[in-house]
Amino acid sequence: MSKVLCVLYDDPVDGYPKSYPRDDLPKIERYPGGQTLPTPKAIDFKPGMLLGSVSGELGLRKYVEALGHTLIVTSDKDGPNSVFERELPDAEVVISQPFWPAYLTAERIAKAKKLKLAVTAGIGSDHVDLQAAIDRKVTVAEVTYSNSISVSEHVVMMILSLVRNYIPSYQWVVKGGWNIADCVERSYDVEGMHVGTVAAGRIGLAVLRRLKPFDMHLHYYERHRLPEAVEKELNLAWHPNVEDMVKVCDVVTINAPLHPETEGLFNDKLLSNMKRGAYLVNTARGKICDRDAIVRALESGQLAGYAGDVWFPQPAPKDHPWRTMPHHGMTPHISGTSLSAQARYAAGTREILECWFERRPIREEYLIVDGGKLAGAGAHSYTAGDATGGSEAAAKFENAR
């Protein structure tokens with residue numbers, strides 16, 4: 001029998017919900033492009049429930065325990081005395097979400113002698129040292145596309161919030177004011193602006209599709225260039241490198257995976273090449289941006305605004321400078337864990353586990369590492385290597401939260 005170790009974020013401060021604002025979710029048959037939604041044999045939850053927190057358990061307990069396996073669910077993931085660290089050595093399966101990542105570093109993988117499968121409930125497996133997983137022949141899988149559209153909607157929301165100066169305007173209302181001039185002194189229209197995405201995979205392309213009706217000029221950088229028909233449909237301008245694209249954009253959105261080639265990409269040098277007063281939105285991974293360079297660019301006015309929901313480490317310490325820097329629109333890492341998205345990635349996690357325990361092949365598009373090499377979506381999105389170092393950083397800041 002196997003141990004399944006699942007790391008999820010904490011329940012709401014007022015307790016697990018007894019009811020929800022809506023009674024159901026819209027029914028979606030397929031993702032854009034035709035990929036089917038997760039197809040587990042069954043689910044033990046009602047779509048629309050809070051599944052990503054500890055009490056939600058991704059709806060897995062009944063299924064896992066019915067097979068005779070053990071399910072451990074915890075939010076305690078950082079540091080040598082954490083529940084995660086204690087339970088890891090004899091776990092066969094580890095499940096984690098990008099929003100509250102259980103960093104599987106090379107050191108932790110070496111300790112996990114029985115580890116065979118690491119599942120990301122969602123998308124983005126950079127919290128796993130992929131090279132260590134390759135070397136140990138640990139299978140890494142994620143629920144591809146499950147929350148891509150959720151993230152793209154969040155990107156559009158953040159772009160509009162920054163450009164229209166929404167958050168400060170809302171705060172004037174809360175404070176009882178009617179300070180119109182204060183609200184609009186940093187407010188613009190997005191119409192006619194040039195916006196570019198770093199990477200145009202599922203999320204980046206979905207962002208571009210959603211921005212087209214705003215009559216913005218659309219740009220993209222992507223090492224796998226989009227088909228000519230898509231470029232014509234959206235009137236896209238492709239750029240051969242990031243430096244070329246950011247020079248012409250009023251808004252830049254980052255939608256690339258984290259790997260050694262993208263880590264620290266937005267540093268002082270690249271930010272200085274952007275248009276003065278540009279906006280930067282990052283819902284990809286925090287380490288793609290140099291933390292302190294972002295602060296300097298906002299303080300100098302080189303950037304007019306920065307928004308995103310990805311930090312490093314995650315959860316971010318209380319003294320993280322992105323909490324207090326000027327003109328930001330940061331949120332915790334929530335873009336891909338709406339209740340709608342949770343229903344899909346919980347079902348996808350169940351599908352992966354069904355395949356694993358029944359010794360059936362996991363969908364190719366779900367695979368990141370398989371058989372000692374990058375596979376499936378991983379072969380398209382990642383390069384071998386470790387770009388996290390996450391558990392060490394999280395442990396360092398554990399007491400600062």
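Treat the numbers as computed from the prediction; the structure is a model and nothing was measured.

## Describing the overall build of the protein chain
When helices and strands are counted, the protein chain shows 15 helices and 13 strands. For the protein chain, whose C-alpha radius of gyration is 21 Å, the value lies close to the compact-globule estimate of 21 Å for 401 residues. On the principal axes, the C-alpha backbone points of the protein chain span a range of 65 × 50 × 40 Å. For the protein chain, the proportion of its 401 residues judged to be buried stands at 56%. Sequence separation of 24 or more characterises 69% of the internal contacts of the protein chain that already satisfy a separation of 6 or more. Counting 46 positive and 50 negative side-chain charges, the protein chain places the centres of these two groups 2 Å from one another.

## Remarks on the pattern of salt bridges
Using the criterion set out here, one finds 23 salt bridges in the structure. Here Lys 3 and Glu 87 are joined by a salt bridge, their closest N and O atoms 2.5 Å apart. In this pair, Lys 3 is assigned in strand E1 (residues 3–7) and Glu 87 in helix H2 (residues 83–87), connecting sequence segments 84 residues apart. Residue Lys 3 shares its accessibility class with Glu 87, and that shared class is buried. For Lys 3, a relative accessible area of 13% corresponds to the buried category. The network of salt bridges with common partners includes Lys 3, Glu 87 and Asp 90.

## Quick word on unusual backbone geometry
The peptide bond linking Phe 312 to Pro 313 adopts the cis configuration, its omega dihedral lying at -10 degrees. The topology assignment puts Pro 313 in the loop between strand E11 (303–308) and helix H13 (339–357). Residue Pro 315 follows Gln 314 across a cis peptide bond; omega there is -5 degrees. Here Pro 315 is to be found in the loop between E11 and H13. Even without being glycine, Asn 235 reaches a positive phi, approximately 55 degrees. A residue is classified by how much of its surface remains accessible, and Asn 235, at 62% relative accessible area, is exposed.

## Focus: the pairing of strand E10 (residues 278–282)
Along E10, five of the five residues are buried, which leaves the element largely enclosed by surrounding structure. Side chains Ala 278, Leu 280 and Asn 282 of E10 all project onto a buried face; the interleaved residues Tyr 279 and Val 281 project onto the opposite face, where all are buried too. Pairing between strand E9 (residues 251–254) and E10: four bridges, direction parallel. Within the sheet, the bridge partner assigned to Val 251 lies in E10 and is Tyr 279. Taken together, E9, helix H11 (residues 268–273) and E10 form a β-α-β motif whose crossover is right-handed. Here E10 pairs with E11 via five bridges, running parallel. Bridge assignment links Asn 282 to a residue of E11, and that residue is Gly 308. Once you follow E10 into helix H12 (residues 291–300) and on to E11, the crossover reads as right-handed.

## Considerations on the sheet that holds strand E13 (residues 373–374)
Strand order in the open sheet formed by seven strands is E2-E1-E3-E4-E5-E12-E13, and the pairing between neighbours is mixed. Two strands lie at the open edges of the sheet, namely strand E2 (70–74) and E13, each paired on one side alone. Of the strand pairs in this sheet, strand E3 (residues 93–96) and strand E4 (residues 117–120) are connected by four bridges, and their pairing is parallel. Bridging across to E4, Ile 95 finds its partner in Val 119.

## Digging into helix H5 (residues 148–163)
Between the first and last C-alpha of H5 there are 23 Å, a value that for 16 residues agrees with the 22 Å anticipated at 1.5 Å per step. The buried fraction of H5 amounts to 13 of the 16 residues, a majority that puts the element mostly inside the structure. Positive backbone phi, approximately 60 degrees, marks Asn 165, located one or two places after H5.

## Here we look at a nonpolar patch on the surface
Taken together, the side chains of Tyr 166, Ile 167, Tyr 170 and Val 174 make up a nonpolar region of the molecular surface, amounting to roughly 410 Å² of accessible area. Tracing the chain through its elements places Val 174 in helix H6 (residues 166–174). Overall, the relative accessible area of 56% leaves Val 174 in the exposed class.

Rules behind the numbers
In this numbering scheme, every chain counts its residues from 1 along its sequence in written order. Per-residue local features are limited, in this predicted model, to residues with pLDDT of at least 70; the limit for side-chain atom pairs, both in listing and counting, is 80 or more; totals at the level of whole chains, interfaces and linings are taken over all residues. Side-chain metrics rest on all non-hydrogen atoms present in the structure, leaving aside hydrogens and water. Numbering of helices and strands starts at the N terminus; helices are DSSP runs of H or I of at least 4 residues and strands are runs of E of at least 2. The globule rule used for comparison is 2.2 Å times the number of residues to the exponent 0.38, while the radius of gyration itself is calculated over C-alpha atoms. With a 1.4 Å probe rolled over the protein chains alone, any residue whose accessible area is under 20% of its type maximum counts as buried; one over 50% counts as exposed, and the rest are partly exposed. The contact definition used throughout considers only heavy atoms, calling two residues in contact when any of these lie within 4.5 Å. Charged residues are defined here as Lys and Arg on the positive side and Asp and Glu on the negative side; His and the ends of the chain fall outside this count. Lysine's charge is taken at NZ, arginine's at CZ, aspartate's at CG and glutamate's at CD. Whenever a carboxyl oxygen of Asp or Glu lies within 4 Å of a side-chain nitrogen of Lys or Arg, that contact is scored as a salt bridge. Strand pairing is assigned whenever DSSP identifies at least 2 bridges connecting the two strands. Seen with the strands pointing away from the viewer, any crossover whose path from the first strand over the helix to the second strand runs clockwise is right-handed. Expected span of a helix, by definition, is 1.5 Å for each gap between consecutive residues, and there is one gap fewer than residues. Think of a patch as exposed residues, more than 30% relative accessible area, with no salt bridge, where like charges cluster within 9 Å and nonpolar side chains (Val, Leu, Ile, Met, Phe, Trp, Tyr) cluster within 5 Å. Surface accessibility follows the Shrake-Rupley procedure with a 1.4 Å probe radius. Residue values consider only the protein chains on display as shielding.

Function-wise, these values are silent; they only describe arrangement.
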